[in-house]
Amino acid sequence: MTVRVPAKVNVQLVVGPLRDDGFHDLVNVFHAVSLFDEVTVTGATGGPDHLEVRIEGASVQGVPTGADNLAARAVRTLAGRLGIAPAMSVRIRKAIPVAGGMAGGSADAAAALVACNELWQAGLRLEDLMEPAAELGSDVPFALLGGTAVGLGRGERLSPLPVEGSFHWVFAFADGGLSTPAVYAECDRLRAAGTERPPAELKVCAALSEALATGDAKALGAALSNDLQPAALSLRPALRRTLDTGRDAGALGALVSGSGPTCAFLAESAGHADDLRRRLAAAKVARSAAVAYGPAPGATLISPP
Ligand code: C5P
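Residues numbered from 1 in each chain as written. Predicted model: local features only at pLDDT ≥ 70, side-chain atom pairs only at ≥ 80, totals over all residues. Heavy atoms only, no water.

## Thoughts on the side chain of H31
Summarising the element assignment, H31 is placed in strand β2 (residues 24-43). Under the relative-accessibility criterion, H31 is labelled buried at 0%. Side-chain polar atoms of H31 contact the side chain of W169, separated by 3.2 Å. When residues no more than four places from it in sequence are discounted, the contact partners of H31 are A7, K8, V9, V11, F142, G147, T148, F167, W169, G294 and P295. (Helix = DSSP H or I, 4+ residues; strand = E, 2+ residues; numbered from the N terminus. Buried < 20%, exposed > 50% of the residue type's maximum accessible area, 1.4 Å probe, protein only. Polar contact = N/O pair within 3.5 Å; in protein donor to acceptor, adjacent residues only side chain to side chain. Contact = heavy atoms within 4.5 Å.)

Written out as structure tokens, the structure reads:
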């Protein structure tokens, strides 16, 4: 069973206070984009607990292939709930950057849940997969759902948001990743030092939801915001130049994607996105850059059809 699963960019990320459980309360407006990983699961011939993971792709350094791979954990979580032996071979074709702030690991976990549900003919519905997904990580439920949605709590309590048409994006990939817990910790540190302030309120920006609902790219570009951006820039100051280069090249909006270090740029059209991508590549402010559209569908079975 092969499942295709999208990356995400956060078009608004409001980070509230640190909770007792080590997570932050969020208002997280997720937007799925057309950079896809593909996860294939096959019944393994080894023993009942034989679970192997193979990763393919251009930049896959740092992805664990052992038991702590998030897709492998997803297989074990679902197998445990269904009382099935997790004997499985998992192949992940990665296009989503690793530790890039685009929820690639979460996407692979979501894809593994959908693929195993099919392979084992478990008949679970999307709603049934949401709880194990949330157990695996705050961003996993959204990778199942796709589209555009606001996530409350840790980001796992989702409500879809209406979107008109498509938006055109360019993503600038950095060399090396950033650790999500380290970026949240830096956000806390900057707030404790008084350099940054916590948000006045935890709510979706009205101009942002209006821009999404009406397909107004210019208004969306102006409304993009990410409370983790100062922390990501503090840990990776070179990203400032990447963002400035995209803005100077005419992006409607520019921001760090999630905890970074990928930078996202909103374009007026597909042609404008191509042009922006070329300019970012020529300026050598990123390892590489790619165009994508959003919203994209969530984890989808692509074979067998
Ligand atoms: O849920 P997930 O495992 O993806 O979270 C990774 C880390 O990101 C957490 O351990 C925590 O440090 C941070 N995080 C947070 N608040 C959230 C989501 C994640 O502090 N709402």
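## Quick word on empty space enclosed by the protein
According to the stated counting rule, one finds 1 cavity of 30 Å³ or more in the structure shown. Taken together, P6, A7, K8, F30, M102, A103, D139, F142 and A143 make up the full set of residues lining the largest cavity. Counting only elements with at least two residues in the lining of the largest cavity, the list comes to β1 (2-18) and α4 (140-145). The dominant element in the lining of the largest cavity, judged by the number of residues it contributes, is β1, at 3 residues. (1 Å grid on protein atoms, 1.4 Å probe; cavity = no way out; pocket = protein on both sides within 12 Å on 5 of 7 lines; lining within 4 Å. Points joined across faces, edges and corners; volume = space filled by probe spheres on them.)

## Some details on the side chain of K94
Here K94 is to be found in the loop between β4 (88-93) and α2 (104-119). For K94, a relative accessible area of 11% gives the class buried. Here D37 takes part through its side chain, which lies 2.3 Å from a polar atom of the side chain of K94. Separated by 2.8 Å, the side chains of K94 and D108 make a polar contact. With residues up to four places along the chain from it excluded, the contact list for K94 reads D37, I55, E56, G57, V60, V63, G104 and D108.

## A look at the site of the ligand
As a matter of local geometry, the ligand sits amid G22, F23, H24, L26, G137, S138, R154, T180, P181 and Y184. At 2.5 Å, a side-chain N or O of S138 approaches an oxygen atom of the ligand. Contacts to the ligand include R154, whose backbone N or O atom sits 3.1 Å from a nitrogen atom. Contact with the protein chains covers 74% of the free accessible surface of the ligand, which is 460 Å². In a pocket analysis with a 2 Å cut-off to the grid points, the ligand is assigned to the largest pocket. Mapped by element, the contributors of at least two residues to the shell around the ligand are β2 and α5 (180-192). With 3 residues, α5 is the single largest residue contributor to the shell around the ligand. For the shell around the ligand, the class distribution of residues is 4 nonpolar, 5 polar and 1 charged. (Near = heavy atom within 4 Å. Areas by Shrake-Rupley, 256 points an atom, 1.4 Å probe, with all protein chains shown as cover. Sits in = over half its atoms within 2 Å of the grid points. Nonpolar A, V, L, I, M, F, W, Y, C, P; charged D, E, K, R; others polar.)

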